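# Examining the three-dimensional arrangement
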There are 2 protein chains.
Amino acid sequence: MLVVLVYVQVLPDYVEDFIAATLENARCSLQEQGIVRFDVVQQQDDPCAFVLVEVYRTVDAPGRHKETEHYLRWRDTVADMMAEPRSSIKFIPLFPQTAGWETHHAV
Amino acid sequence: MLVVLVYVQVLPDYVEDFIAATLENARCSLQEQGIVRFDVVQQQDDPCAFVLVEVYRTVDAPGRHKETEHYLRWRDTVADMMAEPRSSIKFIPLFPQTAGWETHHAV
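Nothing here was measured: the structure is a model prediction, and the numbers come from that model.

## Quick look at the overall build of chain A
Along its length, chain A carries 3 helices and 4 strands. Taken over the C-alpha trace, chain A has a radius of gyration of 14 Å; the compact-globule value for 107 residues is 13 Å, and the two agree within 12%. Overall size of chain A, expressed as C-alpha extent along the three principal axes, is 40 × 30 × 25 Å. Buried positions account for 31% of the 107 residues belonging to chain A. Residue pairs in contact within chain A that sit at least 24 positions apart in sequence constitute 73% of those at least 6 positions apart.

## Quick word on the sheet that holds strand E1 (residues 2-9) of chain B
What holds strands together in a sheet is hydrogen bonding between their backbones, with the strands either parallel or antiparallel. Here we have 8 strands rolled up into a closed barrel, ordered E1(A)-E3(A)-E2(A)-E4(B)-E1(B)-E3(B)-E2(B)-E4(A), and antiparallel in their pairing. The average undirected angle you get between the axes of adjacent strands in this sheet is 35 degrees. One ladder, built from 8 bridges, connects E1 of chain B with strand E3 (residues 49-56) of chain B; its direction is antiparallel. Note on E3 of chain B: the bridge partner recorded for Val 4 of chain B is Glu 54 of chain B. Packing against the sheet, helix H1 (residues 15-29) of chain A makes contact with strand E2 (35-43) of chain A together with strand E4 (87-95) of chain B, and its axis sits at approximately 165 degrees to E2 of chain A. Taken strand by strand, helix H1 (residues 15-29) of chain B contacts strand E4 (87-95) of chain A together with strand E2 (35-43) of chain B, and its axis lies near 165 degrees from that of E2 of chain B.

## Focus: the relation of the copies chain A and chain B
Turning chain A through 180 degrees and shifting it by 0.0 Å along the axis lays it on chain B, with an RMSD of 0.0 Å. These values place the two chain copies in the arrangement generated by a two-fold rotation axis.

## Quick notes on the pairing of strand E1 (residues 2-9) of chain A
The pairing of E1 of chain A with E4 of chain A spans 5 bridges and is classified as antiparallel. The partner of Leu 5 of chain A across the bridge, within E4 of chain A, is Ile 89 of chain A.

## As for H1 of chain A
Over its 15 residues, H1 of chain A extends 20 Å from the first C-alpha to the last, a length consistent with the 21 Å expected when each residue adds 1.5 Å. Taken together, the buried residues of H1 of chain A touch E2, helix H2 (61-65) and helix H3 (69-78) of chain A together with E4 of chain B.

## Things to note about the confidence of the model for chain A
Detailed reading of predicted coordinates is not advised where the pLDDT is low. On average, residues of chain A carry a pLDDT of 94, and 95% of them reach 70 or more. Among the prediction metrics, the complex's ipTM stands at 0.92, with pTM recorded as 0.93.

## A word on the interface of chain A and chain B
Each side of the interface is counted separately: chain A has 31 residues, and chain B has 31 residues. Broken down by secondary-structure element, the contributors of at least two residues to the side of chain A that touches chain B are E1, H1, E2, strand E3 (49-56) and E4 of chain A. Examining the composition of the side of chain A that touches chain B, we find that 7 residues originate from one element, E4 of chain A, more than from any other. Of the residues that constitute the side of chain A that touches chain B, the class distribution is 20 nonpolar, 8 polar and 3 charged. Note that E4 of chain A and E2 of chain B share 4 bridges and pair antiparallel. Its bridge partner being in E2 of chain B, Ile 92 of chain A is matched across the sheet by Gln 42 of chain B.

## Let's talk about unusual backbone geometry
The bulk of non-glycine residues show a negative phi, and the bulk of peptide bonds are trans. Each neighbour pair has its own omega, and for Phe 95 of chain A with Pro 96 of chain A the value is 0 degrees, a cis peptide bond. Relative to the assigned elements, Pro 96 of chain A resides in the segment after E4.

## Focus on the nonpolar core
If you look at the biggest cluster of nonpolar residues, it comprises 42 residues, and the most contacted ones within it are Val 41 and Phe 50 of chain A together with Val 41 and Phe 50 of chain B. When near neighbours in sequence (up to four residues on either side) are disregarded, Phe 50 of chain B contacts Val 8, Val 10, Val 40, Val 41 and Gln 42 of chain B.

Analysis parameters
- Residues numbered from 1 in each chain as written.
- Chains lettered and ligands numbered in written order.
- Predicted model: local features only at pLDDT ≥ 70, side-chain atom pairs only at ≥ 80, totals over all residues.
- Helix = DSSP H or I, 4+ residues; strand = E, 2+ residues; numbered from the N terminus.
- Rg over C-alpha atoms; globule rule 2.2 N^0.38 Å.
- Buried ≥ 20, exposed ≤ 12 C-beta atoms within 10 Å, placed from the backbone.
- Contact = placed C-beta atoms within 7 Å.
- Pairing = 2+ DSSP bridges.
- Axes fitted to C-alpha atoms, helices over the stretch in contact; angles between N-to-C directions.
- Least-squares fit on C-alpha atoms with pLDDT ≥ 70 in both.
- Expected span 1.5 Å × (residues − 1).
- pLDDT = per-residue confidence, 0-100.
- Nonpolar A, V, L, I, M, F, W, Y, C, P; charged D, E, K, R; others polar.
- Core = buried A, V, L, I, M, F, W, Y, C linked by C-beta atoms within 7 Å.

Okay, structure coming up:
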């Protein structure tokens, strides 16, 4: 299991469009076999700052995610909405244990 | 609902002790009524860097968390293990919808 935090800074004029495109991508991503979670959060004191908390079942799942139609559509849609290139950091999950990461996938 | 990312940089000699104290705090925190998730992750390319992904049911839940015995014990235990003061950022959850944040709480 692998956790990736993706940091995105969006141009102010594109916040609504970014949210719409990103929620659509998140909904589709949750259907992928290799994805456990795909949370989207917006910084409270900076509405242009977003973090995607992506939880993958295996180390090769992120690669497969980046080949999906919905990821490619999202990537192209949001390309011009970013104030700067997005960045990501990979993490090893320590807690909870594996089963505790699973959500009800009610979206 | 409120998501808080807490960033902690630990001194190399204290990584194991920090993990033990933090997992104990995470287990206890998950029992709190106001806490939905309390994930602990360790940065893949820097084992001294940790993020706590804390998901609270209400805006006043973080305050109540900080009054609990387990939080106070954790705070005191890890105080001298940090390489720098920890920082936290608050986020508004956008996805999934409320029920989707709930885990099975299997720990």
